[in-house]
Amino acid sequence: MGLVALAVLVMAAAGQWEPSAGWRAACARAVAQLRGDLGSAAYLACTAVFVGVVTWMLPPLVVPALGCAALAVVAIPARPRKGEPERLL
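The rules behind these values
- Residue positions within a chain follow its written sequence, with the count starting from 1.
- Totals for whole chains, interfaces and linings use every residue, but because this is a predicted model, local features are given only for residues with pLDDT of at least 70 and side-chain atom pairs only at 80 or more, for both listing and counting.
- The side-chain figures draw on all heavy atoms in the structure; neither hydrogens nor water molecules are used.
- Strands here mean DSSP runs of E at least two residues long; helices mean DSSP runs of H or I at least four residues long; both are numbered from the N terminus.
- Residue burial is assigned from relative accessible area. The probe radius is 1.4 Å, only protein chains are included, and a residue is buried under 20% of its type maximum, exposed over 50%, and partly exposed in between.
- The contact criterion used throughout is that any non-hydrogen atoms of two residues lie within 4.5 Å.
- In this description, a disulfide is simply a cysteine sulfur pair whose atoms lie within 2.5 Å.
- Here, nonpolar core means buried Ala, Val, Leu, Ile, Met, Phe, Trp, Tyr and Cys residues that are tied together by side-chain atoms lying within 4.5 Å of each other.
- UniProt positions are given in the numbering used here, feature names are shortened, and annotations may be inferred rather than shown by experiment.
- Every helix has an expected span of 1.5 Å times one less than the residues it contains.
- Working convention: axes come from line fits to C-alpha atoms, limited for helices to the stretch in contact. Angles between N-to-C directions cover 0 to 180 degrees.
- An angle below 35 degrees is read as roughly parallel, one above 145 as roughly antiparallel, one from 65 to 115 as roughly perpendicular, and any other as oblique.
- Residues are grouped as follows: Ala, Val, Leu, Ile, Met, Phe, Trp, Tyr, Cys and Pro are nonpolar; Asp, Glu, Lys and Arg are charged; all remaining types, including Gly, are polar.
- Two helices that cross are described as forming a left-handed crossing if the nearer one is turned anticlockwise from the farther one by less than a right angle, and a right-handed crossing if clockwise.

1. Things to note about the side chain of Thr47
In step 1: Structurally, the position occupied by Thr47 is in helix H3 (residues 38-57).
In step 2: According to the relative accessible area criterion, Thr47 is buried, its value standing at 12%.
In step 3: Leaving out residues up to four positions away in the same chain, Thr47 has contacts with Met11, Ala69, Ala72 and Ile76.

2. Let's talk about the state of the cysteines
In step 1: Per the counting criterion, the structure on display carries zero disulfides.
In step 2: Of the cysteine sulfurs around Cys46, a residue in no disulfide, the closest is that of Cys68, at 14 Å.

3. Regarding the nonpolar core
In step 1: By size, the foremost hydrophobic cluster in this structure holds 17 residues, and its most contacted members are Val8, Met11, Ala12, Leu34 and Leu44.
In step 2: Of the residues forming this core, the biggest block, six residues, is contributed by H3.
In step 3: Filtering out sequence-adjacent residues up to four positions away, Leu34 remains in contact with Val8, Leu9, Ala12, Ser40, Ala41 and Leu44.

4. Looking at the UniProt feature "transmembrane region" (unreviewed entry) in the chain
In step 1: Summarizing the sequence annotation, UniProt attributes the feature "transmembrane region" (unreviewed entry) to residues 42-75 in the numbering used throughout.
In step 2: This span, residues 42-75, is 88% helix and 0% strand, and a straight line between its end C-alpha atoms measures 14 Å.

5. Considering H3
In step 1: Spanning 20 residues, H3 covers 29 Å between terminal C-alpha atoms, matching the ideal 28 Å at 1.5 Å per step.
In step 2: Listing the buried residues of H3 in full gives Ser40, Ala41, Leu44, Ala45, Thr47, Ala48, Val51 and Val54.

6. What about the packing of helix H2 (residues 23-36) against H3?
In step 1: In contact at an axis separation of 5 Å, H2 and H3 are set at 105° when each is read in the N-to-C sense. When the axis of H2 is compared with that of H3, the two are roughly perpendicular. Contacts between H2 and H3 pair Gln33, Leu34, Arg35 and Gly36 from the former with Leu38, Ser40, Ala41 and Leu44 from the latter.
In step 2: Considered class by class, the residues forming the contact of H2 with H3 number four nonpolar, three polar and one charged.

7. Focus: the packing of helix H1 (residues 2-16) against H3
To describe two helices that pack against each other, one gives the angle between their axes and the distance between the axes.
In step 1: One way to put it is that H1 packs onto H3 with a least axis distance of 9 Å and a crossing angle of 110°. Put simply, H1 runs roughly perpendicular to H3. Seen from above, H1 lies across H3 with right-handed handedness. Of the residues in H3, those touching H1 at Val4, Ala7, Val8, Met11 and Ala12 are Ala41, Leu44, Ala45, Thr47, Ala48 and Val49.
In step 2: Classifying every residue of the contact of H1 with H3 gives ten nonpolar, one polar and no charged.

Put into structure tokens, the structure is as follows:
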């Protein structure tokens with residue numbers, strides 16, 4: 001469970017990272033994001049487990065699995081939530 005929690009924090013921080021702010025600010029924003037939206041933490045935990053299982057089953061699939069993780073890091077915070085107005089891109 002600790003490894004999954006660490007993976008969720010790392011993925012959330014990677015999604016919040018900006019070159020000008022650095023990793024400490026990204027980690028702080030990631031913790032705030034995860035506290036405010038437990039659904040995104042659950043989705044990122046599922047993504048971390050998926051990457052671990054796929055890599056364990058067939059190690060050459062680590063590259064596509066990490067691509068799926070990168071997609072999840074970008075898409076999960078941008079998903080529509082209940083009670084929020086829809087955003088048009």
